[in-house]
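# Notes for the structure review
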Amino acid sequence: MASTALLIAGCATQSAAQVAATKSASTGGEQATKPKATPKPIPKGLDSSGALDPFPSTYKPLPGSTTAIVGATILTAAGEEIDNGTIVFAEGKIVAVGKDVAIPDGAKRVDGRGKFVTPGIIDIHSHLGVYPSPGVQANSDGNEATDPNTAEVWAEHSIWPQDPGFNRAREGGVTSLLILPGSANLFGGRSVTVKNVPSTTIQGMKFPGAPYGLKMACGENPKRVYGSRSRAPSTRMGNIAVARRAWIDAAEYNRRWSDYRAKVAAGEAAGDPPKRDLRLETLAGVLNGDILVQNHCYRADEMALMIDMAKEFGYKITTFHHSSEAYKIAPLLKEADICSATWADWQGFKMESLDGISENAGILQAYGACAIIHSDDATITQHLNQEAAIAMGAAARAGIPVSRLDAIKWITANPAKAMGIGARTGSLEVGKMADIVLWDRDPFSTYALAQIVYVDGGIAYDRTDPATHARSDFDLGRPSLEAKP
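Residues numbered from 1 in each chain as written. Predicted model: local features only at pLDDT ≥ 70, side-chain atom pairs only at ≥ 80, totals over all residues. Heavy atoms only, no water.

### Here's the deal with the confidence of the model for the protein
- Scored by pLDDT, the protein has a mean of 92; 91% of the residues are at 70 or more.
- Confidence scores differ between elements of the protein, with helix α1 (residues 2-26) showing the lowest mean pLDDT of 41 and strand β14 (residues 436-439) the highest of 99.
- In this model residues 1-30 is a low-confidence stretch, pLDDT under 50, and it forms two contacts with partners more than four residues away in sequence or in other chains. (pLDDT = per-residue confidence, 0-100. Helix = DSSP H or I, 4+ residues; strand = E, 2+ residues; numbered from the N terminus. Contact = heavy atoms within 4.5 Å.)

### Here's the deal with the environment of lysine 44
- Within the element layout of this structure, lysine 44 appears in the loop between α1 and β1 (67-75).
- Classification of lysine 44 by relative accessible area gives exposed; the value is 87%. (Buried < 20%, exposed > 50% of the residue type's maximum accessible area, 1.4 Å probe, protein only.)

### A few points about helix α9 (residues 384-397)
- Spanning 14 residues, α9 covers 20 Å between terminal C-alpha atoms, matching the ideal 20 Å at 1.5 Å per step.
- Where the residues of α9 are buried, they touch β6 (121-126), α8 (360-366), β13 (371-373), α10 (404-410) and β14. (Expected span 1.5 Å × (residues − 1).)

### Some thoughts on the packing of helix α4 (residues 236-266) against helix α6 (residues 300-313)
- Between α4 and α6, whose axes approach to 11 Å, the crossing angle comes to 20 degrees. Judged by the inter-axis angle, α4 sits roughly parallel to α6. Here α4 and α6 pass one another in a crossing that is right-handed. Between α4, through Arg236, Ile240, Ala243, Arg244, Trp247 and Ile248, and α6, the contact on the second element is made entirely by Glu302, Met306, Met309, Glu312 and Phe313.
- The residue makeup of the contact of α4 with α6, split by class, is seven nonpolar, no polar and four charged. (Axes fitted to C-alpha atoms, helices over the stretch in contact; angles between N-to-C directions. Parallel < 35°, antiparallel > 145°, perpendicular 65-115°, else oblique. Left-handed = near helix turned anticlockwise from the far one by under 90°. Nonpolar A, V, L, I, M, F, W, Y, C, P; charged D, E, K, R; others polar.)

### As for the packing of aromatic side chains
- One pass over the structure, following the stated rule, counts 12 aromatic pairs.
- Both rings, one in tryptophan 257 and one in tyrosine 260, keep their centres 5.9 Å apart while their planes meet at 85 degrees; by these two values the pair is edge-to-face. Remark: tyrosine 260 and tryptophan 257 occur in helix α4; sequence separation between them is three residues, near one turn of the helix. The residues tryptophan 257 and tyrosine 260 share a single accessibility class, namely buried.
- Chaining the aromatic ring pairs together yields one cluster made of Tyr298, Trp343, Trp346 and Phe349.
- Of note, arginine 190 hangs over the ring of tyrosine 212, and the distance from its end group to the ring centre comes to 5.0 Å. (Phe/Tyr/Trp six-rings, centres within 6.5 Å; stacked < 30°, edge-to-face > 60°. Lys NZ or Arg CZ within 6 Å of the ring centre and 35° of its normal.)

### Quick look at the environment of glutamine 382
- When you line up the elements, glutamine 382 lands in the loop between β13 and α9.
- A relative accessible area of 31% places glutamine 382 in the partly exposed class.
- Separated by 24 residues in the primary sequence, glutamine 382 and serine 358 have C-alpha atoms spaced 19 Å apart.
- Those residues in contact with glutamine 382 that sit more than four places away from it in its chain are Arg168, Ala169 and Gly172.
- Within the structure, the side chain of glutamine 382 is placed 3.1 Å from the backbone oxygen of alanine 378, a separation counted as a polar contact. (Polar contact = N/O pair within 3.5 Å; in protein donor to acceptor, adjacent residues only side chain to side chain.)

### Examining the state of the cysteines
- Following the criterion strictly, the structure yields two disulfides and no others.
- Covalently, cysteine 218 is tied to cysteine 297 through a disulfide, its sulfur atoms 2.0 Å apart. Looking along the S-S bond of the cysteine 218-cysteine 297 disulfide, the torsion reads about 120 degrees, which is the right-handed sense. Of this pair, cysteine 218 sits in the loop between β9 (213-217) and α3 (220-227) while cysteine 297 sits in strand β10 (residues 292-297), and the two are 79 residues apart along the sequence. Like cysteine 297, cysteine 218 is buried.
- A sulfur-sulfur distance of 2.1 Å marks the disulfide that ties cysteine 339 to cysteine 370. Every disulfide takes its handedness from the sign of the S-S torsion; for cysteine 339 and cysteine 370 that torsion is 85 degrees, giving right-handed. With cysteine 339 in strand β12 (residues 339-342) and cysteine 370 in the loop between α8 and β13, this pair connects stretches of sequence that are 31 residues apart.
- Judged by its relative accessible area of 1%, cysteine 339 falls in the buried class.
- Residue cysteine 370 is classed as buried on the basis of its relative accessible area, which comes to 10%.
- Along the protein, the cysteines that take part in disulfide bonds pair up as 1-2, 3-4, counted in sequence order. (Disulfide = S-S within 2.5 Å.)

### Regarding the sheet that holds β10
- Spatial ordering of the open sheet is given by β6-β7-β8-β9-β10-β11-β12-β13, a layout of eight strands whose pairing is mixed. Among the strands making up the open sheet, the edge pair consists of β6 and β13. Neighbour-to-neighbour, the strand axes of the sheet open up by a mean angle of 25 degrees, direction not taken into account.
- Pairing of strand β7 (residues 174-179) with strand β8 (residues 187-195) involves four bridges; the strand directions are antiparallel. Across the sheet, residue leucine 178 finds its bridge partner in β8, namely threonine 193. (Pairing = 2+ DSSP bridges.)

### What to know about the pattern of salt bridges
- All told, the structure shown has 28 salt bridges when counted by the stated rule.
- The partner of glutamate 152 in a salt bridge is arginine 279, and the shortest N-O contact between them spans 3.0 Å. One end of the pair, glutamate 152, is in the loop between β6 and α2 (164-171); the other, arginine 279, is in helix α5 (residues 278-287), with 127 residues separating them in the sequence.
- Since its relative accessible area comes to 26%, arginine 279 is described here as partly exposed. (Salt bridge = Lys/Arg side-chain N within 4 Å of Asp/Glu carboxyl O.)

### Topic: the nonpolar core
- One finds Phe187, Trp247, Tyr315 and Trp410 to be the most contacted residues of the largest nonpolar core, which totals 87 residues.
- Among the elements that take part in this core, α4 stands out by supplying eight residues, more than any other.
- Residues within four places of phenylalanine 187 in sequence aside, it is in contact with Pro148, Asn149, Thr150, Ala151, Leu214, Lys215, Met216, Ala243, Ala246, Trp247 and Leu283. (Core = buried A, V, L, I, M, F, W, Y, C linked by side-chain atoms within 4.5 Å.)

Written out as structure tokens, the structure is:
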């Protein structure tokens, strides 16, 4: 009986193998594959693609010509100070900079003797356009203070390009700005980078290809705004808890879209895509590295907490703004490669700024950390060169020498890096945008004035040529601001 059972089992096994071999032969030795699923087309406006830009830049550079500024002291913001130097630019780009530079035939020569040349100033913290002049309630569009998380709003949708502040900033040598929402919320919304040129639309100012930023805030502002309404957050621990909850939601949203796209790519049945959520889309953009975090934060202990939260969820903080106590954690900021945008001497106006000191930027510089001087103010932005000089002087009095080569980076190369545009502007190097300022003297002098401001090689402002003195529509019809002969 046992032999018979084994024989039957063997025959059954052999029969199954034979069947498999027959199937294999009939399909050419390959297993049959299922036809790939055809995904449903996603209706217009419902695709949460990180590359989607529904409000693209229409910026066009100002007209310019091949130009050589000759005989100036050039602060490149790339580690050089060139005495009696020449810089040549054409078609919107820098083509040569140095002492012995060949000047192309037909180039326009500008006498730079006794003058200084720097990159265009970049203000990394501006509310021009969203809090424009005149400063009335009808124009107050910088804070969507309706929820602690308004990551869905975009500053560019509030910007009034006719804000006269843009013209005043340009007269002070500012060629690019990061326009941010306010800091009432933990997540205030997206920032936008602009070229400081006259325009009737924000798209006409929008810096082509510049990454978006996410304005975050910690500390007093969110807890004061929402605590006064008897809702969370009302404490600093509430700030962190609400923010962590938002990041958890964003990570889950990111996962759902990733899973959906993976199924579509594999030809599997993916079903309907997740519903698009503008708030979570911005946070997911941060998690994916497409949107840079610009974090309003004053106290050292809170900056350290924000760094830990960033590690927990796998994103990077690009810049701490205001950062009055950055000097207390300079080594930590250097290690984390986080810039600190601060003021020269604006401290003590509320509790979290009480330990602010004018040596802040100098101490950061001494530790090799990334220091930036910003404005957060429509007046300060007009003289950021002098704000940097104030910070230089404070550092020197504390025994921290800061050279012009270092200080010029605080208002040019370093903000460009922190805004994600450092490969294109912020320093005077061949191939970069010809965003250039010709100063009548050392730009760190109290008396320094911007003589000519070039944006992409075109003259955006010439102090001696009234034709380049842009006037906002708001100013039209008002008494002339020009000096009388």
